[in-house]
Amino acid sequence: MASVKIKKQNNKDFNLEELKQLTNDQLIEKIKSLQAHNVQLKTLLIKSSTETKTSVNRLKKPFDSSKHVLLKFFYLGWDYQGFVVQEDTTKTIEHYLFESLTRTCLIKDRESSNYHRCGRTDKGVSSFGQVISIDLRSKLSADNQHDIENELDYCKLLNRVLPDNIQCVAWSPVKSDVSARFDCTGRTYKYFFPKSCLNIEKMSRAANNLLGTHDFRNFCKMDVGNGVVEYIRNILFINISLFDENDTEDNERTMYVITIRGKAFLWHQIRCIMAVLFLIGEGKEEETIIDELLDVNKNSRKPEYFMASEVPLNLFQCDYDIENNWRYDESSLSIVKAKLKSMWTFHNIKGTMILSMLNELDRSCPTDLEIQNYLHLENKTKRYIPLMARKRCESLEEKIKHYVKRSRLEIHNEPESTT
């Protein structure tokens, strides 16, 4: 206890009057403490300066040639604030991506890298098949770019410095005008969920009504402030299936996955779709609610409702019609698989441990606890109000007038795909 108190006193900030009250020994201790702290600060500054100079010197190495490529990578987004870089945090996928690209000297800087992303995922959302297009350093001469077998192993270089939950899995050389965003012909999302109390058959029938081209303004967050005024999208495929086709059990813990494919999606569109499908599966809404919400002439104002959780959402695949040759390196992928298996091991242990606790509590004190769907915030409300009886948001026309009045409206004909 005494040592702790002394340490606190030595670290205390003294004013002039307090210093006058100190003994010579106390003043000497104070000076020694400040000198030691000063040495630490100088060491940190020297180290920082050395690292900066080293980084700058590395980047000064000229780019003899560069190659425009597509990079495919996965990330588990649960601990990140989204894909896109942000001013107030470094916990984004793009931050770590460009930090790795710079550390490996594959780019000079973001501004000159000819960079495009296929889609931007929000906080907590993951991806198995995110794709970016970018110019990377090449070790091949300008007239020998076709010798792909002897090119740098971009994935291996990046994976050495990327976090384990963000990893590059493949790359492909493409023409210099190819954009990961604008040349994408289709995006596939998967959403994983346990059966819990859900009626899967009703959800599947209702989901089929979403197929085709519709105005999805009631199944998204309208982003009029960023110029998005067109909400017609085309869902090409939608299906709910067992995650494990060999799973013979059918209980509340049985895992299902919904797969949705389209060319582009609106902001939070998948999570809004899942929210409404969950309400149908829980028996709180009829299957006809899908048609009601798609009829924007009759229902031009979206009823207020909670979105489904972001945690199960995965941007699973991005498709391209362009000629490309995805290059997978066996040795590099074996390392990536080992990292995934390690993460799965510990997550599975945690899930099994929680399940064992639940089972033990059920044996010790059986209860008739109502089975719930914990992926939907609607279940936290005390009394359920049908969607069509709820308070409505502003209509698209009202939102447009609002932003035009504030001179903030910019129309984008092809908004970036987000969920």
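Residues numbered from 1 in each chain as written. Predicted model: local features only at pLDDT ≥ 70, side-chain atom pairs only at ≥ 80, totals over all residues. Heavy atoms only, no water.

The name an unreviewed UniProt entry gives the protein is tRNA pseudouridine(38/39) synthase isoform X2, with Nicrophorus vespilloides as the organism. Under the Sequence similarities (unreviewed entry) heading, UniProt states for the protein: "Belongs to the tRNA pseudouridine synthase TruA family." (UniProt positions renumbered as here; feature names shortened; annotations may be inferred.)

Here the focus is the nonpolar core. Ranked by internal contacts, the top residues of the largest apolar core, which has 56 residues, are Phe-193, Phe-219, Leu-277 and Ile-290. Elements that contribute at least two residues to this core include exactly strand S5 (184-194), helix H6 (200-208), strand S7 (232-242), strand S8 (255-262), helix H7 (269-281), helix H8 (289-294), strand S9 (313-320) and helix H10 (396-405). Considering every element that reaches this core, the biggest residue donor is H7, with 10 residues. The contacts of Phe-219, once residues within four sequence positions are left out, are Leu-210, His-268, Gln-269, Cys-272, Ile-273, Val-276, Ile-290, Leu-293, Leu-294 and Tyr-305. Core analysis: the second largest hydrophobic core is formed by 26 residues, Tyr-96, Tyr-115, Leu-136 and Tyr-154 among them. (Core = buried A, V, L, I, M, F, W, Y, C linked by side-chain atoms within 4.5 Å. Buried < 20%, exposed > 50% of the residue type's maximum accessible area, 1.4 Å probe, protein only. Helix = DSSP H or I, 4+ residues; strand = E, 2+ residues; numbered from the N terminus. Contact = heavy atoms within 4.5 Å.)

Time to look at the packing of aromatic side chains. As enumerated under the stated definition, the model contains 13 aromatic pairs in all. Between Tyr-80 and Tyr-96, the ring centres sit 5.8 Å apart and the planes meet at 80°, which makes this aromatic pair edge-to-face. Residue Tyr-80 is located in the loop between strand S1 (66-75) and helix H4 (93-103), and its partner Tyr-96 is located in helix H4; the two are separated by 16 residues in the primary sequence. Both residues of the pair, Tyr-80 and Tyr-96, count as buried. Measuring from ring centre to ring centre gives 4.9 Å for Tyr-154 and Trp-171, while their planes differ by 85°; the resulting arrangement is edge-to-face. Taken together, the positions of Tyr-154 in helix H5 (residues 154-159) and Trp-171 in strand S4 (residues 166-173) put the pair 17 residues apart, joining distant regions of the chain. Overall, Trp-171 belongs to the buried group, its relative accessible area being 5%. Through successive ring pairs, a cluster of aromatic residues spans Tyr-191, Phe-193, Tyr-256 and Phe-278. In this arrangement the basic side chain of Lys-72 is found over the ring face of Trp-326, its NZ or CZ atom lying 4.4 Å from the centre. It is Lys-302 that lies over the ring of Tyr-305; its NZ or CZ is 4.8 Å from the centre. (Phe/Tyr/Trp six-rings, centres within 6.5 Å; stacked < 30°, edge-to-face > 60°. Lys NZ or Arg CZ within 6 Å of the ring centre and 35° of its normal.)

Moving on: the packing of H6 against H7. Interaxial distance between H6 and H7 falls to 8 Å at its minimum, and their mutual angle equals 135°. The pairing of H6 with H7 is recorded here as oblique in orientation. With respect to the hand of their crossing, H6 and H7 are arranged in right-handed fashion. Contact with H6, carried on its side by Lys-202, Met-203, Ala-206 and Ala-207, involves Leu-277, Phe-278, Ile-280 and Gly-281 of H7 and no other residues of that element. Its residues assigned to classes, the contact of H6 with H7 comprises 6 nonpolar, 1 polar and 1 charged. (Axes fitted to C-alpha atoms, helices over the stretch in contact; angles between N-to-C directions. Parallel < 35°, antiparallel > 145°, perpendicular 65-115°, else oblique. Left-handed = near helix turned anticlockwise from the far one by under 90°. Nonpolar A, V, L, I, M, F, W, Y, C, P; charged D, E, K, R; others polar.)

Another point: H6. Looking at H6, one finds that the buried residues are Ile-200, Lys-202, Met-203, Ala-206 and Ala-207. Burial along H6 is one-sided: seen end-on, the buried residues are contained in an arc of 160°. Elements in contact with the buried residues of H6: S5, S7, S8, H7 and H8. Here H6 starts with a cap whose side-chain oxygen sits 3.2 Å from the backbone nitrogen of Glu-201, and that cap is Asn-199. (Arc of directions from axis to C-beta. Polar contact = N/O pair within 3.5 Å; in protein donor to acceptor, adjacent residues only side chain to side chain.)

Another aspect to go through is the layout of surface pockets. Taken as a whole, the largest pocket spans an internal volume of roughly 2,200 Å³. Forming the boundary of the largest pocket are 46 residues, of which Pro-194, Arg-253, Met-255, Asn-348 and Gly-351 lie nearest the centre. Elements represented by at least two residues in the lining of the largest pocket include exactly S1, strand S3 (126-137), S5, S9 and helix H9 (330-364). Ranked by the residues each element gives to the lining of the largest pocket, the list is headed by H9, at 13 residues. (1 Å grid on protein atoms, 1.4 Å probe; cavity = no way out; pocket = protein on both sides within 12 Å on 5 of 7 lines; lining within 4 Å. Points joined across faces, edges and corners; volume = space filled by probe spheres on them.)

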